[in-house]
Amino acid sequence: MELINQKTKKIMEGCKERAYDAGLRFGNETLEYIVTNRDLIELTPKLMIPTMYDYWVHDVEVLKEKGRYELYPNNPYETVINTRPAISFYNDNNPDWMNVMIFYHVLAHVDFFQNNQFFRNTWDYDFTGQALSDKRMISNLRSEKGRWVDYIIEFARAIDNLVGYHNELSRYDGMAQDSITVLDYYFDVFLQKVKKVPLSEYIKEVERYNKCLGDSPSVVEQVFFADVQQRFPEFTSNYERYVSVRKDGKQDIMQYILNNSESLNRGKNKWMKSIIEVVRKTSLFFQPQIRTKIMNEGWASYWHENLFLSDDRIKGHEVDFAKLHAGIASMPRVGLNPYALGIRIFQYIEELGDKGKYSMAYDKLSNRKERNDFDASEGRGRELIYDVCRNLSDSLFIDTFVDQEFVNKHNLFVAGKKLNQSRMVWEYYVKSRKAEQYRQMLQEQLYHPPYITVDMDRNANDVLYLYHHFEQKPLVNEYISNVLLGIEFLWGGPVQLETSEVDKNTKSVGFGRSVRRTDNGNSDKERRWQRVLYTMKDRKLSRKVLT
Amino acid sequence: MEYKDKFDKSFEFLDALEQKLAADYAEHGEERDHSLPLTVDSPETSAVPGIYTGNDAQMVQKLARGNYTVQIGISTIDELLDRDRQREKDGFPRKIRVGKLFKPGRGASDSVVIVPTTVEEKLIHDSVKDPSEDGEAGGYGEGQEGEVIGEQPVRPEKGEGTGSGEGQGGSHEMESSAYDLGRILTEKFELPNLKDRGTKRALSKYTYDITDKNRGFGQVLDKKATLRKVLETNIGLGRVPEPCSIDSTNLLVSPRDKVYRVLSREKDYESQAMVFFVRDYSGSMAGKCTELVVAQHVLIYSWLLYQYAKRVETRFIVHDTEAKEVPDFYTYYNSKVAGGTQVSAAYTLVNEIVEKENLAQDYNIFLFQGTDGDDWDTVGEKALPELKKILSYASRVGISIAEHSYSAGQKTEVQKYIEDSGMLDEYADLLRMDIFHENADESRLIEGIRKLLSQEVLH
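In this text the structure is predicted, and so the values were computed from the model without any measurement.

Draft legend 1. Layout of the overall build of chain A. Scanning chain A from terminus to terminus reveals 23 helices and 13 strands. Every one of the 547 residues in chain A was classed for burial, and the buried ones make up 54%. Intrachain contacts of chain A at a sequence separation of at least 6 include 70% that bridge at least 24 residues. As displayed, chain A offers around 25,100 Å² of accessible surface, 48% of which is attributable to carbon and sulfur atoms.

Following this line, the structure appears as structure tokens:
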């Protein structure tokens, strides 16, 4: 791996100026490396971060990728990583014109990383530097603790998809309030939920507070609560308990274990905490990337197209570009290409903005011809796509802009796959051209980890109780045992997981599919769900049906 | 116990397996296919690309296969497997599986690579689908709702570039059973891998291949690919007005059109092994003894199928006073007993085959012999020199002796002359002997396999 040469760097700097003029914003310092396929294969499992900690699963991946590469030569790697300064990788035999295009692509990615709100938690520090120090720390620990370091990494990684990414993000936005004020607690919780006072009394208390505020604004709370304390001596302790539970409830599972596991907090085990923290941080760092795949690739493709075509330095390579670009941004007959979908949505949004269609006036129109002809010539397209790029994630992006007009414009449909038993073939067919179903199909494909929290009320006798908030999708059953085994190890006591599964009385048909048998022997599509409780104790898993 | 059921069924499925293979053989000539269900999914072979399959280097840079000589300075498969064994000792379930990536090619040119695989378990959503359907994907283009726009065979046809898909490799169910049995043996009893360090020949080798393509320069001009490029360019330039009558003298040849193949060194992690199964079928072997040695060989055979599929070849030899090679396992264990016993005949035949076909150079050779211990050559006068010759190239020789009840307490001829020869000590890592009573049960047989195959030097 080596830095690009001076000539190529100069090309890159030229690209930066043009990108900057077009409105992209990114830190001026960037690092570009030339890499070989070998580097790429070794970097892939580490998510292209050369300084990422070593872990044996990465070795397995490298050996597997090597094998795969022999049979199916291609290079499944990202080329730009989100860090400061931004680092990007280039294959050693790219011609200059292609590098120009890739530079624009990369710069748009960097702009996205550094401006999209969902990346807020990654803005403040140099991740590769941090990763390097983590790697050294883990390597030091490995020399002392041997293979146990890898067990801790493994167990921590088993729950690293359950990190509270959104909690973390809201903390950055200053929206999170870890503690509730006494006043809010008194009126919103204590009076209404604990004491369940009648409405008239509640209003009396509000009036009393307003009176105190008028009489002695500087010490309003002391005066007001002096009386409350007399009436409800338990109020303060209730409030404190509520705050502590609420704070714990805001923690993700990893944080909760870190803070509350007696085993981890014992002197001889404290080293494990730093490893878990590294795994948690790393996961949080990559969360935004996976949640913005369509936008990120769409944004980069949009800009490489626009900037490349207006770049005078590439004259004579328009056809090469057209061919390459078509390969990137063409829609597959069946399948999803985030580059193609993303760029089309951004272009669609730009058109909405330019014609003033992103407005109430347009939405109110129901006449098809009027809608077609609508053009308020607002010219706000660029502004609108910048707004979208800065503020949305894939899920919101799809929900907001994939409408029927977009689906029709690009001839999109939901492709179904059904079995033709007589010919033993899978048939792909046009299932629906409705925007709603297309959106739903896209949403189904997006990254969405299950919502599992620590249930504070049911934690008892050292048992950690995990509650799966059910969203009509069961967990992958065969993984539960090993994950709970890992959590038990970290927690240092029994672990329970409450989740939902298809009722046993419903007959299972094929892998991952269940239907209920009806009396006449036919199957229908109804499923009956039941809550079940898995318990991992002394490395043994048991299961109990709750309802 | 699970393996016991499997064991009981082993004869049934081997029977069926051999018949099926024989039928395949009759139908396809040489194309006997021992492919196993794939254990590794290849996204490249998946019919429908998803949102997270593409990425910049693949989509934007279109990185083609380059000079690929990865010598990874990280753990090898063996080291990873050692680690996995340690996991079990530490009280955690094992996580690494040795899998195969398989790419069908034309004729017998299928490529297989052996790779380790593992799964990082997490709590993630499972999909709940309608049984008559198999998921949804995005689509683009013409077509009315309900219209079928394409199809894909449920079972990939031979030679087709599709890989595992969603567990669809079920066309070899017989072997799946053998595979399962082998897997159970491997997992439960820690049977060693053939490519162990204890073996004589390293199973990694370098091949020099000119599969890599490069435009502009290289070692060997790929004429077909170059002509395509030349034609592409000239069509692009409008110099080919009539596709049917191309005037080749008029074509422009750009240096970029020349496609070369580049010689590159590639390391193959493969296990090329030749296993000889040798069985005494003399008169004294009737009944229990034959059943036992064959049963043990069934287990070894299953395990080999599991572990090595396309990378292992098996040869079957039966002998009384003379030895002959039989074509398959079916004949091997069904051949009727007759005649006296001359173990050396079998050894000699093995040596002849190895020499004639020059097998020692290309293969790791393993030999498993089953006998009741009778030998007319009571002191091993002829057998021992031949055995010694075998040990000069073999990676492991495992001799199973099923003792008759009537000879209990006395050493059989074979046992005696092998022990007396001192070879068991001299070739402790190559030669193993397992002696069991004719009333031995399955677990005893499996215990015996451990002895025959284990890496540790046993005393």
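Draft legend 2. Focus on the overall build of chain B. In terms of regular secondary structure, chain B is built from 13 helices and 13 strands. Across the 459 residues of chain B, 49% fall into the buried class. For chain B, the share of sequence-separated contacts (at least 6 apart) that also reach a separation of at least 24 residues comes to 78%.

Draft legend 3. The arrangement of the sheet that holds strand β8 (residues 273-280) of chain B in detail. Residue and element names in this part refer to chain B. Spatial ordering of the open sheet is given by β10-β9-β8-β11-β12-β13, a layout of six strands whose pairing is mixed. Of all strands in the sheet, those bounded by a partner on one side alone are β10 (323-326) and β13 (431-437). The mean angle between the axes of side-by-side strands here comes to 20°, regardless of whether they run parallel or antiparallel. Across seven bridges, the pairing between β8 and strand β11 (residues 364-371) is parallel. Directly across from Ala 273, in β11, lies its bridge partner Asn 364. Packed onto the sheet, helix α8 (residues 343-356) meets β8, β9 (312-319), β10, β11 and β12 (394-403) and runs at close to 145° relative to β9. Along the sheet face, helix α13 (residues 442-453) touches β11, β12 and β13 and points at about 165° away from the line of β13.

Draft legend 4. Up close: the sheet that holds strand β4 (residues 86-91) of chain A. Residue and element names in this part refer to chain A. Pairing is mixed across the open sheet formed by four strands, whose spatial order is β1-β2-β4-β3. For this open sheet the edge positions go to β1 (2-3) and β3 (80-81), each flanked by a neighbour on one side alone. Pairing analysis gives two bridges linking β1 to strand β2 (residues 30-35), with the strands arranged antiparallel. Paired with Leu 3 across the two strands is Tyr 33, which belongs to β2. Most of the contacts of helix α4 (residues 96-115) go to β4, to which it runs at about 155°, and overall it touches β2, β3 and β4.

Draft legend 5. Structural context of empty space enclosed by the protein. Within the structure shown, the criterion is met by eight cavities of 30 Å³ or more. Estimated volume of the second largest cavity: approximately 80 Å³. Grouping the amino acids of the lining of the second largest cavity by side-chain chemistry returns five nonpolar, one polar and six charged.

Draft legend 6. Highlighting the packing of aromatic side chains. Residue and element names in this part refer to chain A. Using the criterion set out here, one finds 55 aromatic pairs over all chains in the structure. Each ring, one from Tyr 185 and one from Phe 235, has its centre 5.7 Å from the other, and the planes form 40°; the classification is tilted. One end of the pair, Tyr 185, is in helix α8 (residues 182-194); the other, Phe 235, is in helix α11 (residues 235-250), with 50 residues separating them in the sequence. Like Tyr 185, the residue Phe 235 is buried in the burial classification. Here a set of aromatic residues connected by ring pairs shows up, and it is made of Tyr 185, Tyr 186, Phe 187, Phe 190, Tyr 202, Tyr 209, Phe 224, Phe 225, Phe 232, Phe 235, Tyr 239 and Tyr 242. When the ring centre of Tyr 362 is taken as origin, the NZ or CZ atom of Arg 371, which lies over that ring, is 4.4 Å away.

Draft legend 7. How the structure looks around the packing of α8 of chain A against helix α10 (residues 220-231) of chain A. Residues and elements named next belong to chain A. Following both chains from N to C, one finds α8 and α10 inclined at 50°, their axes separated by 12 Å at the closest point. Between α8 and α10, the crossing angle belongs to the class labelled oblique. In the packing of α8 onto α10, the handedness of the crossing is left-handed. Residues Val 182, Leu 183, Tyr 186 and Phe 187 of α8 pack against Glu 221, Phe 224, Phe 225, Val 228 and Arg 231 of α10. When grouped by side-chain class, the residues that make up the contact of α8 with α10 number seven nonpolar, no polar and two charged.

Draft legend 8. The arrangement of the pairing of β8 of chain B in detail. All names here are of chain B. In terms of residue burial, β8 counts as a mostly covered element, since eight of its eight residues are buried. Neither face of β8 is exposed, since Ala 273, Val 275, Phe 277 and Arg 279 on one face and Met 274, Phe 276, Val 278 and Asp 280 on the opposite face are all buried. Two elements, β8 and β9, share eight bridges in a ladder whose sense is parallel. Its bridge partner lying in β9, Phe 277 is registered against Phe 316.

Draft legend 9. Representation of helix α20 (residues 394-401) of chain A. Residue and element names in this part refer to chain A. Turning to α20, its buried residues number three or more, namely Asp 394, Phe 397, Ile 398 and Phe 401. When α20 is viewed along its axis, its buried side chains cluster within an angular range of 100° and face the same direction. Those residues of α20 that are buried lie in contact with α13 (270-291), α14 (293-309), α16 (338-355), α19 (381-391), α21 (404-409) and α22 (435-445).

Draft legend 10. Region of interest: the pattern of salt bridges. Residue and element names in this part refer to chain A. According to the stated counting rule, one finds 49 salt bridges over all chains in the structure shown. Arg 382 serves as the salt-bridge partner of Glu 350, at 3.5 Å between the closest nitrogen and oxygen. One end of the pair, Glu 350, is in helix α16; the other, Arg 382, is in helix α19, and 32 residues separate them in sequence. Residue classification places Arg 382 among the partly exposed positions, given a relative accessible area of 34%. Through salt bridges with shared partners, one network takes in Glu 201, Glu 205, Arg 208, Asp 227 and Arg 231.

Draft legend 11. Molecular detail of the confidence of the model for chain A. Per-residue confidence for chain A averages 86 on the pLDDT scale, and 93% of its residues sit at or above 70. Within the model, the stretch residues 508-524 of chain A combines pLDDT values under 50 with 36 contacts to residues more than four positions away or in other chains.

Draft legend 12. Here's a closer look at the nonpolar core. In terms of nonpolar packing, the biggest core is built from 72 residues, with Leu 24, Trp 299, Leu 341, Phe 346, Ile 349, Phe 397 and Tyr 438 of chain A touching the most fellow members. The dominant element in this core, judged by the number of residues it contributes, is α4 of chain A, at 13 residues. Contact partners of Tyr 438 of chain A, with chain neighbours within four places excluded, come to Leu 336, Leu 341, Val 402, Val 407, Leu 412, Phe 413 and Val 414 of chain A together with Gly 138 and Gly 139 of chain B. Membership of the second largest hydrophobic core comes to 71 residues, among which are Leu 63, Tyr 256 and Leu 490 of chain A together with Phe 92 of chain B.

Draft legend 13. Examining the side chain of Glu 438 of chain B more closely. Residue and element names in this part refer to chain B. Among the structural elements, Glu 438 can be located in the loop between β13 and α13. The side chain of Glu 438 sits in the buried core without any salt bridge; Lys 288 is the nearest counter-charge, 7.7 Å away. Excluding residues within four positions of it along the chain, Glu 438 makes contact with Lys 288, Cys 289, Leu 292, Glu 403, His 404 and Ser 405.

Draft legend 14. Here's a closer look at the confidence of the model for chain B. Residue and element names in this part refer to chain B. Mean pLDDT for chain B: 70, with 63% of residues reaching 70 or above. Summarising per-element confidence for chain B, the mean pLDDT is lowest in helix α1 (residues 2-28) (47) and highest in α8 (91). Counted against residues more than four places away or in other chains, residues 157-177, with its pLDDT under 50, gives 47 contacts. Reported confidence for the predicted complex is 0.81 by ipTM and 0.64 by pTM.

Draft legend 15. Expanded view of the environment of Asp 126 of chain A. All names here are of chain A. Within the secondary structure, Asp 126 is located in the loop between α4 and α5 (127-145). Asp 126 sits in the partly exposed class, given a relative accessible area of 32%. As for Asp 126 and Thr 83, which are separated by 43 residues in sequence, their C-alpha atoms are 5.4 Å apart. For Asp 126, the residues in contact, after removing those within four places along its chain, are Thr 83 and Arg 84. Among the polar contacts listed, one links the side chain of Asp 126 to the side chain of Thr 83, at a separation of 2.9 Å.

Draft legend 16. Layout of unusual backbone geometry. All names here are of chain A. The linkage connecting Arg 84 with the following residue, Pro 85, adopts the cis geometry, with an omega of -5°. With respect to the helices and strands, Pro 85 occurs in the loop between β3 and β4. Despite not being glycine, Ser 377 shows a phi value in the positive range, around 45°. On the basis of relative accessibility, which here comes to 56%, the residue Ser 377 falls in the exposed class. The phi torsion at Gln 472 lies on the positive side, around 65°, for a residue other than glycine. As for its placement among the helices and strands, Gln 472 is situated in the loop between β8 (464-469) and α23 (477-491).

Draft legend 17. Highlighting helix α6 (residues 148-158) of chain A. With ten of eleven residues buried, α6 of chain A is to be regarded as a mostly interior element. Listing the buried residues of α6 of chain A in full gives Val 149, Asp 150, Tyr 151, Ile 152, Ile 153, Glu 154, Phe 155, Ala 156, Arg 157 and Ala 158 of chain A. Here the buried face of α6 of chain A lies against α3 (56-71), α5, α12 (253-260), α13 and α23 of chain A together with α3 (77-89) of chain B.

Draft legend 18. Local environment of the side chain of Arg 157 of chain A. Tracing the backbone shows Arg 157 of chain A in helix α6. Here Arg 157 of chain A falls in the buried class, since its relative accessible area comes to 11%. At 2.7 Å, the side chain of Arg 157 of chain A and the side chain of Glu 120 of chain B are in polar contact. The residues touching Arg 157 of chain A, leaving out its near neighbours within four places in the chain, are Tyr 53, Tyr 55, His 58 and Val 279 of chain A together with Glu 120 and Lys 122 of chain B.

Definitions and cut-offs
- Residues numbered from 1 in each chain as written.
- Chains lettered and ligands numbered in written order.
- Predicted model: local features only at pLDDT ≥ 70, side-chain atom pairs only at ≥ 80, totals over all residues.
- Heavy atoms only, no water.
- Helix = DSSP H or I, 4+ residues; strand = E, 2+ residues; numbered from the N terminus.
- Buried < 20%, exposed > 50% of the residue type's maximum accessible area, 1.4 Å probe, protein only.
- Contact = heavy atoms within 4.5 Å.
- Areas by Shrake-Rupley, 256 points an atom, 1.4 Å probe, with all protein chains shown as cover.
- Pairing = 2+ DSSP bridges.
- Axes fitted to C-alpha atoms, helices over the stretch in contact; angles between N-to-C directions.
- 1 Å grid on protein atoms, 1.4 Å probe; cavity = no way out; pocket = protein on both sides within 12 Å on 5 of 7 lines; lining within 4 Å.
- Points joined across faces, edges and corners; volume = space filled by probe spheres on them.
- Nonpolar A, V, L, I, M, F, W, Y, C, P; charged D, E, K, R; others polar.
- Phe/Tyr/Trp six-rings, centres within 6.5 Å; stacked < 30°, edge-to-face > 60°.
- Lys NZ or Arg CZ within 6 Å of the ring centre and 35° of its normal.
- Parallel < 35°, antiparallel > 145°, perpendicular 65-115°, else oblique.
- Left-handed = near helix turned anticlockwise from the far one by under 90°.
- Arc of directions from axis to C-beta.
- Salt bridge = Lys/Arg side-chain N within 4 Å of Asp/Glu carboxyl O.
- pLDDT = per-residue confidence, 0-100.
- Core = buried A, V, L, I, M, F, W, Y, C linked by side-chain atoms within 4.5 Å.
- Lys, Arg positive; Asp, Glu negative; His and termini not counted.
- Polar contact = N/O pair within 3.5 Å; in protein donor to acceptor, adjacent residues only side chain to side chain.

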